[in-house]
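What follows is each chain in one-letter form.
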Amino acid sequence: MASLQRLKRSKPIHVLSRKEKILKRLNAIPSPVDFTYNELEKLLGMYGYSVTEGSGSRISFGPNKKGNILDLHKPHGKGENALKRYQIEKIKAFIDEEE
């Protein structure tokens, strides 16, 4: 009975959505060194962006509300899927413009 009363008095639990989890991981300090291209694709897909593939490993997401387009090189090579730190910073700035 006492445990039931504690449950009633406790604060509601906020369950993070998939988008919130990926954003939290992206915005971690220091920047994650293992943030993957697949995570980026999922996140920007949740914002409604589509991927446009250019020549070679060039990819574009966008445009955002201000008309900006995010251009990156897709990670390539055997077993490489993690984005570089400079790419993560560029992605953060792009998403900040969105919100």
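Above this text you will find the structure in question.
Every value quoted in this text rests on a predicted model; they were computed, and no experiment measured them. (Residues numbered from 1 in each chain as written. Predicted model: local features only at pLDDT ≥ 70, side-chain atom pairs only at ≥ 80, totals over all residues. Heavy atoms only, no water.)

Burial along strand S3 (residues 70–73) is one-sided: the residues Leu 70 and Leu 72 are buried and none of Asp 71 and His 73 is. Here strand S2 (residues 58–61) pairs with S3 via four bridges, running antiparallel. When the sheet's bridge partners are listed, Arg 58 is paired in S3 with His 73. (Buried < 20%, exposed > 50% of the residue type's maximum accessible area, 1.4 Å probe, protein only. Helix = DSSP H or I, 4+ residues; strand = E, 2+ residues; numbered from the N terminus. Pairing = 2+ DSSP bridges.)

Let us now look at the pattern of salt bridges. This model, assessed by the stated rule, comprises three salt bridges. One salt bridge in this structure joins Asp 34 and Arg 25, with 3.2 Å as the shortest N-O distance. For Asp 34, a relative accessible area of 43% gives the class partly exposed. What makes Arg 25 partly exposed here is its relative accessible area of 27%. (Salt bridge = Lys/Arg side-chain N within 4 Å of Asp/Glu carboxyl O.)

In this section: the nonpolar core. Counting 19 residues, the largest nonpolar core has Leu 40, Leu 44, Phe 61, Ile 91 and Ile 95 as its most contacted members. Elements represented by at least two residues in this core include exactly helix H2 (18–26), helix H3 (37–46), S2, S3 and helix H4 (85–98). (Core = buried A, V, L, I, M, F, W, Y, C linked by side-chain atoms within 4.5 Å.)

A few words on the environment of Tyr 47. Along the chain, Tyr 47 turns up in the loop between H3 and strand S1 (51–53). When its relative accessible area of 17% is taken as the criterion, Tyr 47 is described as buried. Residues Tyr 47 and Asn 64, 17 residues apart in the sequence, show an inter-C-alpha distance of 9.1 Å.

Throughout the structure, instances matching the rule amount to two aromatic pairs. Centre to centre, the rings of Tyr 37 and Phe 61 are 6.5 Å apart; their planes meet at 45 degrees, and the pair counts as tilted. Taken as a pair, Tyr 37 in helix H3 and Phe 61 in strand S2 lie far apart in primary sequence, 24 residues in all. You can call Phe 61 buried: its relative accessible area is 1%. On the basis of an interplanar angle of 45 degrees and a centroid distance of 5.4 Å, the ring pair of Tyr 49 and Phe 94 is categorised as tilted. Here the residue Tyr 49 occupies a position in the loop between H3 and S1, and Phe 94 occupies one in helix H4, the gap between them amounting to 45 residues. The burial state of Tyr 49 is the same as that of Phe 94; both residues are buried. (Phe/Tyr/Trp six-rings, centres within 6.5 Å; stacked < 30°, edge-to-face > 60°.)

To continue, consider H2. Looking at H2, one finds that the buried residues are Ile 22, Leu 23 and Leu 26. For H2, the arc enclosing every buried residue in end-on projection is 100 degrees, short of the 170-degree limit, so these residues lie on one face. In H2, the exposed positions that point more than 90 degrees away from the buried face belong to Lys 21 and Lys 24. (Arc of directions from axis to C-beta.)

Keep in mind that these numbers describe shape and distance, not what the molecule does.
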